[in-house]
Amino acid sequence: MSLDKSIKSALISVYYKDELEPIIRLLHALNVTLYSTGGTQTFIENLGIPVTAVDSITSYPEIFGGRVKTLHPAIFGGILNRRDNPSDQHEKAQHHIPDIDLVIVDLYPFEATLASGASHQACIEKIDIGGISLIRAAAKNYNDVLIVSSRHDYEHLLSLLETKKGLSALEDRALFAAKAFATSSHYDTAIFNYFNQTAELPHFKQSIANGQTLRYGENPHQKGVFYGNLEAIFDKLNGKELSYNNLLDIDAAVNLIADFTDPTFAILKHNNACGVASRATIAQAYTDALAGDPVSAFGGILIANRSIDLETATEVNKLFCEVVIAPNYEPQALELLKSKPNRILLVQKPVALGQTTFRTLLNGVIEQDKDLKTETAEQLTTVTQSHPSATEINDLLFANKLVKHTKSNTIVLAKNGQLLASGTGQTSRVDALKQAIGKALSFGFDLKGAVMASDAFFPFPDCVELAHKAGITAVIQPGGSIKDKDSVAYCDAHQVSMVFTGTRHFKH
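Just so it is clear, the model here is predicted, and its values are computed rather than measured. (Residues numbered from 1 in each chain as written. Predicted model: local features only at pLDDT ≥ 70, side-chain atom pairs only at ≥ 80, totals over all residues. Heavy atoms only, no water.)

A. Geometry of the pattern of salt bridges. Following the criterion strictly, the structure yields 16 salt bridges and no others. Between Lys 404 and Asp 259 there is a salt bridge whose closest N-O contact spans 2.8 Å. A residue pair is termed long-range when its members are at least 10 positions apart, and Lys 404 in helix α15 (residues 390-404) and Asp 259 in the loop between α11 (244-257) and β11 (264-269) qualify at 145 residues. Comparing Lys 404 with Asp 259 shows no difference in burial state: the two are buried. In this structure, Arg 279 and Asp 288 form a salt bridge, with 2.6 Å as the shortest nitrogen-oxygen distance. (Salt bridge = Lys/Arg side-chain N within 4 Å of Asp/Glu carboxyl O. Helix = DSSP H or I, 4+ residues; strand = E, 2+ residues; numbered from the N terminus. Buried < 20%, exposed > 50% of the residue type's maximum accessible area, 1.4 Å probe, protein only.)

B. How the structure looks around the pairing of strand β19 (residues 411-415). In terms of burial, β19 is a largely internal element, 5 of the 5 residues being buried. Across the two faces of β19 the burial is the same, with Ile 411, Leu 413 and Lys 415 and Val 412 and Ala 414 all buried. Strand direction decides the pairing type here: β19 and strand β20 (residues 418-423), joined by 5 bridges, are antiparallel. Bridge assignment links Val 412 to a residue of β20, and that residue is Ser 422. Once β19 ends, the chain turns through 2 residues before running back antiparallel as β20, passing Asn 416 with a positive phi of about 50°. Taken together, the 4 bridges between β19 and strand β21 (residues 451-454) define a ladder with antiparallel strand orientation. (Pairing = 2+ DSSP bridges.)

C. How the structure looks around the side chain of Asp 88. Checked against the element boundaries, Asp 88 lands in helix α5 (residues 86-94). Aside from chain neighbours lying at most four places away, what touches Asp 88 is Leu 80, Asn 81 and Arg 82. (Contact = heavy atoms within 4.5 Å.)

D. Local environment of helix α8 (residues 130-140). Burial analysis of α8 places 8 of its 11 residues in the buried class, the great majority of the element. All of the buried residues along α8 are Gly 130, Gly 131, Ile 132, Leu 134, Ile 135, Ala 137, Ala 138 and Ala 139. Its buried side turned inward, α8 meets β2 (9-13), α4 (73-80), β5 (102-105), β6 (146-148) and α10 (170-199).

E. The nonpolar core, seen in detail. With 37 residues, the main nonpolar core has Ile 250, Val 276, Ile 303, Val 323, Ile 325 and Leu 402 as its most contacted residues. Of all the elements, α11 adds the most residues to this core, at 7 residues. Not counting chain neighbours up to four residues away, the residues in contact with Val 323 comprise Leu 242, Asn 246, Ile 250, Gly 300, Ile 301, Leu 302, Ile 344 and Leu 346. Grouped together as the second largest cluster of nonpolar side chains are 28 residues, Val 105, Leu 134, Ala 177 and Ala 180 included. (Core = buried A, V, L, I, M, F, W, Y, C linked by side-chain atoms within 4.5 Å.)

F. A look at unusual backbone geometry. At the junction of Ser 408 and Asn 409, the peptide bond is cis and its omega measures out at -15° in the coordinates. Inspection of the secondary structure assignment puts Asn 409 in the loop between α15 and β19. In the Ramachandran plot, His 270 falls in the positive-phi region, its phi being about 55° despite a non-glycine side chain. Locating His 270 in the fold gives a position in the loop between β11 and β12 (272-278). Located in the positive-phi region is Asn 271, a residue other than glycine, with phi close to 75°. Along the polypeptide, Asn 271 turns up in the loop between β11 and β12. Taking relative accessible area as the criterion, Asn 271 reaches 16% and is therefore assigned buried.

G. Expanded view of the pairing of β2. With 5 of its 5 residues buried, β2 lies for the most part within the structure. Here β2 shows no split at all, with Ser 9, Leu 11 and Ser 13 on one side and Ala 10 and Ile 12 on the other all buried. As judged from the 4 bridges shared by β2 and strand β3 (residues 33-36), these two strands associate in the parallel manner. Following the sheet pairing, Ala 10 is matched in β3 by Leu 34. Once the chain exits β2 it traverses helix α1 (residues 21-29) before rejoining the sheet at β3, and the crossover so formed is right-handed. (Right-handed = clockwise from strand over helix to strand, strands pointing away.)

H. Looking closely at the packing of α4 against α8. For the pair α4 and α8, the least separation of the axes is 8 Å and the interaxial angle reads 30°. Our classification of the angle between α4 and α8 gives roughly parallel. Contact residues: α4 offers Ile 75, Phe 76, Ile 79 and Leu 80, while α8 offers Ser 133, Leu 134, Ala 137, Ala 138 and Lys 140. Per-class residue counts for the contact of α4 with α8 are 7 nonpolar, 1 polar and 1 charged. (Axes fitted to C-alpha atoms, helices over the stretch in contact; angles between N-to-C directions. Parallel < 35°, antiparallel > 145°, perpendicular 65-115°, else oblique. Nonpolar A, V, L, I, M, F, W, Y, C, P; charged D, E, K, R; others polar.)

Below is the structure:
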């Protein structure tokens with residue numbers, strides 16, 4: 001038997017009617033018998049095209065306000081009967097069931113309804129029953145039936161009908177079936193996650209419908225794919241395609257800048273900030289951020305939380321950087337920054353990001369709440385005899401924000417709203433401090449009057465001793481070590497102020 005199948009009948013029942021008309025007209029031109037329900041039936045009738053109501057096949061009306069339309073053996077039998085199975089064909093004839101060769105359905109917009117903030121009952125009413133059942137039935141019997149489960153596939157279907165004159169090959173039907181099961185599984189995942197907000201069942205389910213193949217993964221020998229909708233977060237104004245490593249750095253940059261409200265510029269490399277400054281103007285913020293580490297800034301990711309003007313763009317244009325992110329660009333600034341065709345320019349939209357993170361690990365996945373805690377002055381506890389000044393408190397909070405977004409173990413040194421240096425990803429905290437001090441001095445910074453932030457407690461007083469000898473006058477840390485008193489005692493003996501936050505900020 002030929003694997004090509006002729007489409008002689010179609011069941012069409014959709015929520016969205018956009019771009020459906022050309023398909024309806026072409027099916028009619030190909031002498032395909034059309035079956036439909038409700039609003040779709042009316043839509044087809046208004047086009048002046050013959051259509052048979054589903055209830056004329058089932059001899060049963062739509063009931064319960066349309067909750068039950070197509071759930072009937074006459075419909076599902078027409079889809080699921082195996083055309084090459086004599087027993088199926090005998091039963092089909094016995095019960096006067098017509099074949100259905102093409103099914104075009106979509107699903108009630110559950111996710112869109114949920115995102116709109118609609119009531120619980122409104123969301124429940126948008127859980128599709130008949131549509132999801134039709135999709136699964138037609139996809140299961142892809143050997144005989146072509147299933148179109150999304151309006152996003154209308155163009156593909158139209159091309160197929162035009163090219164093959166109403167025929168479909170097995171590989172066509174298998175491809176559409178795969179898309180159909182992707183549609184149904186994604187839909188069910190969204191519903192499950194909605195219910196599981198209260199049920200809290202120990203199941204991990206995530207589904208992202210959009211995938212973008214990247215040039216490669218972390219390294220050229222690794223494959224890479226991004227799943228998500230970048231266009232919902234950014235408008236891309238210039239540059240080459242984003243890479244896997246670009247995306248990691250952009251994610252780190254976006255999360256870091258979200259913690260700052262004053263005009264702030266940050267430069268990141270390998271997910272860590274190498275330059276950050278908060279200033280009265282974004283131009284000065286960039287200049288001082290770059291001063292923090294002009295060497296590491298080469299090839300980095302730049303992000304600002306204010307519009308980039310021509311003054312700022314003029315300075316940025318002197319640096320080779322992979323990506324620039326800002327909420328807006330003044331026209332002259334944009335024109336200048338576009339002069340480098342490969343430089344990626346992104347406008348960040350005010351879109352809320354997810355509040356959980358997850359990653360693959362061993363033979364499973366670990367998930368956690370995102371670290372969204374940002375300490376305020378009111379939450380600090382001074383544990384030394386010396387109290388930090390108002391300026392030092394501002395710098396301590398500034399440094400503590402950076403600690404949260406830097407790989408552990410980390411130490412951050414800051415002064416006057418500027419990152420002086422950080423020790424990142426070290427296996428000991430004292431090594432992180434030594435790295436930070438050495439780096440700050442290599443770029444000519446005077447550490448006298450600077451502050452130190454640590455992502456976790458000090459198990460020994462060695463860090464505060466090194467910091468004090470380098471010129472540090474105030475320290476912020478979570479506290480919680482059984483030897484906290486040793487670090488506090490050293491600070492008291494040398495007029496160094498120390499505050500506890502009570503919150504650790506590991507990042508791995």
